Amino acid sequence: MANGTPECRLPWKGGACVEYRIRLNGIQDIKEFVEAVNHIGKTCEVVSGRYRVNAKSLIGMLAIPEANSMIMETEAAEEELPAKI
């Protein structure tokens, strides 16, 4: 599920980050995802097409028009991620 990348594309960061393909089917999935991501102590963003939002923001996540196929970018190691993600 995870694809390690040598260079982080988070706009204000440099260094290593990890990309995870995620699929959220409906508002309840989005709410649960945001709740789980808020327990990560590192920056997390979601990219879908031309949209890039803070993964910890419920309003930001609800604003993405195509929430079924996205990529989450984070500096958090896989061990730091909640099991729900």
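A few points on the structure.

As a further point, take the pattern of salt bridges. As enumerated under the stated definition, the model contains two salt bridges in all. The shortest N-O distance in the salt bridge between Glu73 and Arg52 comes to 2.9 Å. Of this pair, Glu73 sits in strand E5 (residues 70-74) while Arg52 is found in strand E4 (residues 51-54), placing the two residues 21 residues apart along the sequence. By relative accessible area, which is 1% here, Glu73 ends up buried. The network of salt bridges with common partners includes Glu45, Arg52 and Glu73.

In this section: the pairing of E4. The pairing of strand E3 (residues 44-48) with E4 spans four bridges and is antiparallel. Within E4, the position partnered with Ser48 by the bridge is Tyr51. Two successive antiparallel strands, E3 and E4, enclose a turn made up of two residues, where Gly49 displays a positive phi of approximately 60 degrees.

What follows deals with the nonpolar core. Judged by nonpolar contacts, the single largest core of 19 residues is most densely connected at Phe33, Val46, Met61 and Met72. Listed by contribution, the elements that provide at least two residues to this core are strand E2 (17-22), helix H1 (27-37), E3 and E5. Top contributing element to this core by residue count: H1, with four residues.

Parameters and conventions
- Residues numbered from 1 in each chain as written.
- Predicted model: local features only at pLDDT ≥ 70, side-chain atom pairs only at ≥ 80, totals over all residues.
- Heavy atoms only, no water.
- Salt bridge = Lys/Arg side-chain N within 4 Å of Asp/Glu carboxyl O.
- Helix = DSSP H or I, 4+ residues; strand = E, 2+ residues; numbered from the N terminus.
- Buried < 20%, exposed > 50% of the residue type's maximum accessible area, 1.4 Å probe, protein only.
- Pairing = 2+ DSSP bridges.
- Core = buried A, V, L, I, M, F, W, Y, C linked by side-chain atoms within 4.5 Å.

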